[in-house]
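Structure assessment
Read off the chains here:
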Amino acid sequence: MSNQRIFVAGHKGMVGSALVRQLETDKSVELVIRSRAELDLLDQGAVLSVFREQNIDQVYLAAAKVGGIHANNTYPAEFIYENLMIEANIIHCAYLAGVKKLLFLGSSCIYPKMAEQPMKEEALLTGQLESTNEPYAIAKIAGIKLCESYNRQYSLDYRSVMPTNLYGQNDNFHFENSHVIPAMMRRFHEAKEANAGKVVVWGSGKPMREFLHVDDMAAASVYVMNLDDETYQANTQPMLSHINVGTGVDCTIRELAETMMRVVGFDGELVFDASKPDGTPRKLMDVSRLNALGWEASTSLELGLALTYEWFLKNRETLRV
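Structure report, in brief. (Residues numbered from 1 in each chain as written. Predicted model: local features only at pLDDT ≥ 70, side-chain atom pairs only at ≥ 80, totals over all residues. Heavy atoms only, no water.)

**Quick look at the overall build of the protein**
When you go through the protein residue by residue, the secondary structure sums to eleven helices and 13 strands. In terms of C-alpha radius of gyration, the protein reaches 20 Å, essentially the compact-globule figure of 20 Å for 321 residues. Summarising its shape, the C-alpha atoms of the protein cover approximately 60 × 40 × 40 Å along the three principal directions. Burial status across the protein gives 48% buried among its 321 residues. Taking the contacts inside the protein whose residues are at least 6 apart along the sequence as the reference set, 82% of them involve residues at least 24 apart. Total accessible area computed for the protein in this model is approximately 15,200 Å², and 50% of it derives from carbon and sulfur atoms. Taking the average location of the 31 positive side-chain charges in the protein and that of its 40 negative ones, the two points are 2 Å from each other. (Helix = DSSP H or I, 4+ residues; strand = E, 2+ residues; numbered from the N terminus. Rg over C-alpha atoms; globule rule 2.2 N^0.38 Å. Buried < 20%, exposed > 50% of the residue type's maximum accessible area, 1.4 Å probe, protein only. Contact = heavy atoms within 4.5 Å. Areas by Shrake-Rupley, 256 points an atom, 1.4 Å probe, with all protein chains shown as cover. Lys, Arg positive; Asp, Glu negative; His and termini not counted. Charge placed at Lys NZ, Arg CZ, Asp CG, Glu CD.)

Put into structure tokens, the structure is as follows:
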């Protein structure tokens, strides 16, 4: 059997780079990657040319315009336009080039703001989205429906996975627009370096969140992509085909902060500023569908944070911090 030629869109991002590391362990895979300078994913003609010239067998669609609440609020038009165009171009060009298998990576923000916890796949399109990232969420929902529609009309095998909160190697540690784990890790590290007596964390520490190490996400993605048709179809529906990816376990922000203190080695005081907003009380994915398919996360939060901190220390000089 000839090698599988696999294109990873977004290979320099946190998720895309984890996919590359995972796929590189398979000797039967020939990776095809292009930098942003080499291929503009907003240019449909350019994408089609690469797919046809390179005889692509599979596509992992991890490319996206991403950012925190501030970025989503400031650039909503860019978030919806660029994400819609990237996924539409890649999915349509994959079809035109004869690519039979594709995996679209979405986000847990596709679910309604007030979705019942833990969030099941069936919650999609049952309620109002969180307003701050609605344009991004709409684009991700469209990606799921693009895959399902092309499957129905053209008998393709395009699948979708929806990850919970991710962290790990190549995360964004920027001071203003990073997510909770890299922001907290940087804060504790800098407090340790400065011999600070305390670190203040926003909110009460009571909200609960689920976190998945990005290498587990990559492993789950490859696992779902390679499931045989019979198993996959037995656990999904044609128009409800996406699969949640997470640990199925959450922790309080206080527990996260206490674990982070141990990992970083900060021995000062942990203080919570309850005057600051907590956000959603709980956000947890129901991963029973994924578990039924035979996959479970294997990286504990403490181990994942330790691996991430080790990478942060080695790469801090080159990070946007």
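**A few points about the pairing of strand β12 (residues 269–273)**
Residues of β12 alternate between two faces, with Leu270 and Phe272 buried on one and Glu269, Val271 and Asp273 left unburied on the opposite face. With five bridges connecting them, strand β7 (residues 198–202) and β12 associate as parallel partners. The residue of β12 that forms the bridge with Val200 is Val271. (Pairing = 2+ DSSP bridges.)

**Some remarks on the sheet that holds strand β5 (residues 157–163)**
Across a sheet, strands are paired by hydrogen bonds formed along the backbone, either parallel or antiparallel in direction. Taken in spatial order, the six strands make up an open sheet running β2-β1-β3-β4-β5-β10, and their pairing is parallel. With partners counted over all chains shown, the strands left at the sheet margins are β2 (29–32) and β10 (243–245), one partner each. Looking at each pair of strands side by side, their axes are set apart by 25° on average, direction ignored. Across four bridges, the pairing between strand β1 (residues 4–9) and β2 is parallel. Note that in β2 the partner of Phe7 across the bridge is Val32. Packing against the sheet, helix α4 (residues 76–96) makes contact with β1, β3 (58–61), β4 (101–105) and β5, and its axis sits at approximately 175° to β3. (Axes fitted to C-alpha atoms, helices over the stretch in contact; angles between N-to-C directions.)

**Here's the deal with the packing of helix α2 (residues 44–54) against α4**
The geometry of α2 relative to α4 is characterised by a closest axis approach of 9 Å and an angle of 40° between their N-to-C directions. Compared by their axis directions, α2 and α4 come out oblique. Viewed along their axes, α2 and α4 form a crossing whose handedness is right-handed. Along its contact with α2, which presents Gln44, Val47, Leu48, Phe51 and Arg52, the element α4 presents Asn89, Ile90, His92, Cys93, Ala94 and Leu96. Partitioning the contact of α2 with α4 into residue classes produces seven nonpolar, three polar and one charged. (Parallel < 35°, antiparallel > 145°, perpendicular 65-115°, else oblique. Left-handed = near helix turned anticlockwise from the far one by under 90°. Nonpolar A, V, L, I, M, F, W, Y, C, P; charged D, E, K, R; others polar.)

**Some words on the nonpolar core**
Judged by nonpolar contacts, the single largest core of 42 residues is most densely connected at Phe7, Phe51, Ile90, Leu102 and Tyr158. Elements with a contribution of two residues or more to this core: β1, α2, β3, α4, β4, α5 (134–154) and β5. In this structure, Leu19, Leu105, Leu166 and Met217 belong to the second largest nonpolar core, which totals 30 residues. (Core = buried A, V, L, I, M, F, W, Y, C linked by side-chain atoms within 4.5 Å.)

**Quick word on the state of the cysteines**
For the structure on display, the rule yields zero disulfides. For the unlinked cysteine Cys93, the closest cysteine sulfur is that of Cys147, found at 14 Å. You can call Cys93 buried: its relative accessible area is 0%. (Disulfide = S-S within 2.5 Å.)

**Examining the environment of Asn151**
Within the element layout of this structure, Asn151 appears in helix α5. With 56 residues separating them along the chain, Asn151 and Tyr95 place their C-alpha atoms 9.7 Å apart. Apart from residues lying up to four places away in sequence, Asn151 is in contact with Leu156, Asp157 and Tyr158.

**Considering the pattern of salt bridges**
Considering all chains together, one arrives at 18 salt bridges under this definition. Between Glu78 and Lys65 there is a salt bridge; the shortest N-O distance is 3.6 Å. Taken as a pair, Glu78 in helix α4 and Lys65 in the loop between β3 and α3 (69–74) lie far apart in primary sequence, 13 residues in all. Between Glu258 and Arg254 there is a salt bridge, with its nearest N and O atoms 4.0 Å apart. Linking Glu258 with Arg254, this pair stays in helix α9 (residues 253–264), spanning four residues, or about one helical turn. (Salt bridge = Lys/Arg side-chain N within 4 Å of Asp/Glu carboxyl O.)

**A word on the sheet that holds strand β8 (residues 208–209)**
Strand order in the open sheet formed by three strands is β11-β8-β13, with mixed pairing between adjacent strands. Edge positions in the sheet fall to β11 (251–252) and β13 (282–283), since each has one partner strand and no second. Where β8 lies against β11, two bridges are found, and the strand directions are antiparallel. Residue pairing in the sheet places Arg209 in a bridge with Cys251 of β11.

**Some points on the packing of helix α1 (residues 14–23) against helix α7 (residues 214–226)**
Where α1 meets α7, the closest approach of the two axes is 8 Å, and the angle between their N-to-C directions is 60°. Between α1 and α7, the crossing angle belongs to the class labelled oblique. Crossing angle aside, the handedness with which α1 passes α7 is right-handed. For the pair α1 and α7, the contacting residues are Met14, Val15, Ala18, Leu19, Arg21, Gln22 and Leu23 in the first and Val214, Asp215, Ala218, Ala219, Ser221 and Val222 in the second. A class-by-class count of the residues in the contact of α1 with α7 yields nine nonpolar, two polar and two charged.

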